[in-house]
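# Coordinates in review
Okay, here's what each chain looks like letter by letter:
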Amino acid sequence: MIEVKDLKKRFDEVEVLKGISSNFETGKVNLVIGQSGSGKTVFLKSLLNVYQPTSGEILFDGKDINKMSRDEKQQLRAEIGTVFQGSALFDSMTVEE
Ligand SMILES: Nc1ncnc2c1ncn2[C@@H]1O[C@H](COP(=O)(O)OP(=O)(O)OP(=O)(O)O)[C@@H](O)[C@H]1O
Ligand SMILES: [Mg+2]
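In this report, the structure presented in the accompanying data block is examined. (Residues numbered from 1 in each chain as written. Chains lettered and ligands numbered in written order. Predicted model: local features only at pLDDT ≥ 70, side-chain atom pairs only at ≥ 80, totals over all residues. Heavy atoms only, no water.)

It is worth spelling out the site of ligand 1 at this point. The environment of ligand 1 is made up of Phe11, Val16, Gln35, Ser36, Gly37, Ser38, Gly39, Lys40, Thr41, Val42, Tyr51 and Gln85. Note that an oxygen atom of ligand 1 is positioned 3.3 Å from one of the backbone N or O atoms of serine 38. A distance of 3.2 Å separates a nitrogen atom of ligand 1 from a polar atom in the side chain of tyrosine 51. Isolated, ligand 1 exposes 640 Å² of accessible area, and the fraction of that covered by the protein chains is 59%. Ranked by residues supplied to the shell around ligand 1, first place goes to helix α1 (residues 40-47) with 3 residues. (Near = heavy atom within 4 Å. Polar contact = N/O pair within 3.5 Å; in protein donor to acceptor, adjacent residues only side chain to side chain. Areas by Shrake-Rupley, 256 points an atom, 1.4 Å probe, with all protein chains shown as cover. Helix = DSSP H or I, 4+ residues; strand = E, 2+ residues; numbered from the N terminus.)

Turning next to the side chain of lysine 9. The topology assignment puts lysine 9 in strand β1 (residues 2-11). For lysine 9, which is buried and forms no salt bridge, the nearest opposite charge comes from aspartate 12, at a distance of 9.5 Å. Each residue touching lysine 9, except ones within four places of it in the same chain, is listed here: Val14, Glu15, Val16, Leu17, Val42, Tyr51, Gln52, Pro53 and Thr54. (Buried < 20%, exposed > 50% of the residue type's maximum accessible area, 1.4 Å probe, protein only. Lys, Arg positive; Asp, Glu negative; His and termini not counted. Salt bridge = Lys/Arg side-chain N within 4 Å of Asp/Glu carboxyl O. Contact = heavy atoms within 4.5 Å.)

What follows deals with the packing of aromatic side chains. The full count for this structure, using the stated rule, is 2 aromatic pairs. Ring centres 5.3 Å apart and planes at 80° place the aromatic pair phenylalanine 11 and tyrosine 51 in the edge-to-face group. Of this pair, phenylalanine 11 sits in strand β1 while tyrosine 51 sits in the loop between α1 and β3 (55-60), and the two are 40 residues apart along the sequence. A relative accessible area of 32% means that phenylalanine 11 is categorised as partly exposed. (Phe/Tyr/Trp six-rings, centres within 6.5 Å; stacked < 30°, edge-to-face > 60°.)

What follows covers unusual backbone geometry. You will see that aspartate 12, though not glycine, has its phi angle at about 50°, which is positive. Relative to the elements of secondary structure, aspartate 12 occurs in the loop between β1 and β2 (14-24).

Right, here's the structure in full:
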């Protein structure tokens, strides 16, 4: 189960996530909906620890991802499949690279 507790994420002056709390239960299919720019991608990237939250907690089976060791995070990420909305894996590289 993934538990999200009062998750906030701010970029400079813009507070994108303003205190999200939700539980995602094991075995259930969950859907996150909202208008464009409302913060869905920021939320999912926060769950993956691509972004560190400004405050709040994200617990995977009771363990806070922001307090996990590098090894623990690697183990967790090995269980997560991700398809990014736009090019994300090699967006810093040119085609030639
Ligand atoms: N790295 C960043 N730095 C600064 N602001 C960001 C960053 N990433 C996202 N934002 C801002 O956060 C807000 C939410 O963006 P996000 O991409 O999460 O929206 P979304 O709900 O996924 O939209 P869409 O439905 O178009 O995919 C936007 O105002 C965006 O400009
Ligand atoms: Mg998005």
